[in-house]
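# Coordinates in review
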Amino acid sequence: MTQTVFRLSTQGQGLYEFTRDVTGWVTARGVDQGLLTLFVRHTSCSLLIQENADPEVQVDLRNFFNRLVPPTTDPSMSYLTHTYEGPDDMPAHIKAAMMPVSLNIPVSGGAPVLGTWQGIYLFEHRDAPHHRQVVAQIIG
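Residues numbered from 1 in each chain as written. Predicted model: local features only at pLDDT ≥ 70, side-chain atom pairs only at ≥ 80, totals over all residues. Heavy atoms only, no water.

### Focus: the overall build of the protein
What counts, and what does not: Secondary structure elements follow DSSP: runs of H or I of four or more residues count as helices, runs of E of two or more count as strands, with numbering from the N terminus. Throughout, exposure labels follow a simple rule: accessible area from a 1.4 Å probe, protein chains only, divided by the maximum for the residue type, with under 20% read as buried, over 50% as exposed, and the rest as partly exposed. Any pair of residues with heavy atoms lying within 4.5 Å of one another is described as a contacting pair. Using a 1.4 Å probe, accessible areas were evaluated by the Shrake-Rupley method; residue-level cover was limited to the displayed protein chains. Charged-residue counts in this description rest on Lys and Arg as positive and Asp and Glu as negative, His and the chain ends being excluded. For charged residues, the charge sits on one atom: NZ in Lys, CZ in Arg, CG in Asp, CD in Glu.
Broken down by element type, the protein carries three helices and eight strands. Counting helices and strands in the order they occur from the N terminus, the protein gives β-β-α-β-β-α-α-β-β-β-β. Its C-alpha atoms put the protein at 55 × 30 × 20 Å along the principal axes. Evaluated residue by residue, the protein yields a buried proportion of 41% over its 140 residues. Long-range pairs, those at least 24 residues apart, make up 80% of the contacts in the protein between residues at least 6 apart in sequence. Here the protein has roughly 7,600 Å² of accessible surface; of this, 52% comes from carbon and sulfur atoms. Counting 9 positive and 13 negative side-chain charges, the protein places the averaged centre of each group 7 Å from the other.

Right, dumping it as structure tokens:
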């Protein structure tokens, strides 16, 4: 078993791809077959495997979730009580509760088994820049 922490800096809401970092780390470990687990250590962002060919996919996902869970300044969110960390905070927790905070990816041939157009993303749900940590572990 081998483990590391990826440190990602975000610049506000959006999807941040880190597939190359993960693939490079897995390849350097020399594990031919196994299981890669990724886990984000925060409660206001998520992890996704998503299309990485067309950037409009990331824009549409962000827009969809912002429409689904708007900031607390939106009248439809007036029932929320956790508002003292900003209008994006509780909506970020809700989005993180709806999406994965961990991923399991098979490793074969010394690399993560991803589809042609699949990338690994941190989905930042907060407006302000943040420093995020994703723990990676390979069992093989």
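### Here we look at the pattern of salt bridges
Where charged atoms from two side chains of opposite charge come close, those side chains can pair. Heads up, the condition is: Basic side-chain nitrogens of Lys or Arg form a salt bridge, by our definition, when they fall within 4 Å of a carboxyl oxygen of Asp or Glu.
In the structure shown here, the tally under the stated rule is three salt bridges. The salt bridge partner of Arg126 is Asp89, with a shortest N-O separation of 2.9 Å. Highlighted residues: Arg126 in the loop between strand S7 (118–124) and strand S8 (130–139) and Asp89 in helix H3 (residues 89–98), separated in sequence by 37 residues. Between Glu124 and Arg132 there is a salt bridge, and its shortest N-O distance comes to 2.7 Å. Note on Arg132: relative accessible area 4%, which makes it buried. Residues joined by salt bridges that share partners form a network here, namely Asp88, Asp89 and Arg126.

### Digging into the side chain of Gln58
Put simply, the rule is: N or O atoms closer than or at 3.5 Å make up a polar contact, with two conditions inside protein: a donor-capable atom paired with an acceptor-capable one, and, for residues adjacent in sequence, both atoms drawn from side chains.
When you line up the elements, Gln58 lands in helix H2 (residues 55–68). Of note is the side chain of Gln58, whose polar atom sits 2.6 Å from the backbone oxygen of Glu51. Those residues in contact with Gln58 that sit more than four places away from it in its chain are Leu15, Glu51, Asn52 and Tyr121.

### Points about the packing of aromatic side chains
Defined as follows: The rule is short: rings of Phe, Tyr and Trp, with Trp giving its six-membered ring, pair when the centres are within 6.5 Å, and they are stacked under 30 degrees, edge-to-face over 60, tilted in between.
The tally for this structure, following the rule as stated, stands at four aromatic pairs. A ring pair is formed by Phe65 and Phe123, whose centres lie 6.0 Å apart and whose planes are at 85 degrees; its orientation type is edge-to-face. Of the two residues, Phe65 sits in helix H2 while Phe123 sits in strand S7, which places them 58 residues apart along the sequence. One aromatic cluster is present, formed by Phe6, Phe18 and Trp25 through successive ring pairs.

### Here we look at the sheet that holds strand S2 (residues 14–17)
The following threshold applies: Two strands qualify as a pair provided that DSSP identifies no fewer than 2 bridges between them. Lines fitted to C-alpha atoms define the axes here, with helix axes fitted over just the stretch in contact, and angles between the N-to-C directions of these axes take values from 0 to 180 degrees.
Strands sit in the order S2-S7-S4 across an open sheet of three strands; the sheet is antiparallel. This sheet does not close on itself; its edge strands, each paired only once, are S2 and strand S4 (45–51). Taken over all neighbouring pairs, the strand axes of this sheet differ in orientation by 35 degrees on average, direction set aside. Here four bridges tie S2 to S7, and the two strands are oriented antiparallel to one another.

### Observations concerning the sheet that holds strand S1 (residues 2–10)
Pairing in this open sheet of five strands is antiparallel, and the strands run S1-S8-S3-S5-S6 from one edge to the other. The two strands at the open ends of the sheet, each matched to only one other strand, are S1 and strand S6 (111–112). Looking at chain direction, strand S5 (residues 102–108) and S6 are connected through two bridges and run antiparallel. Considered in S6, the bridge of Val107 is made with Pro112. Of the strands in this sheet, S1, strand S3 (33–40), S5, S6 and S8 are in contact with helix H1 (residues 19–29), which crosses S1 at around 160 degrees.

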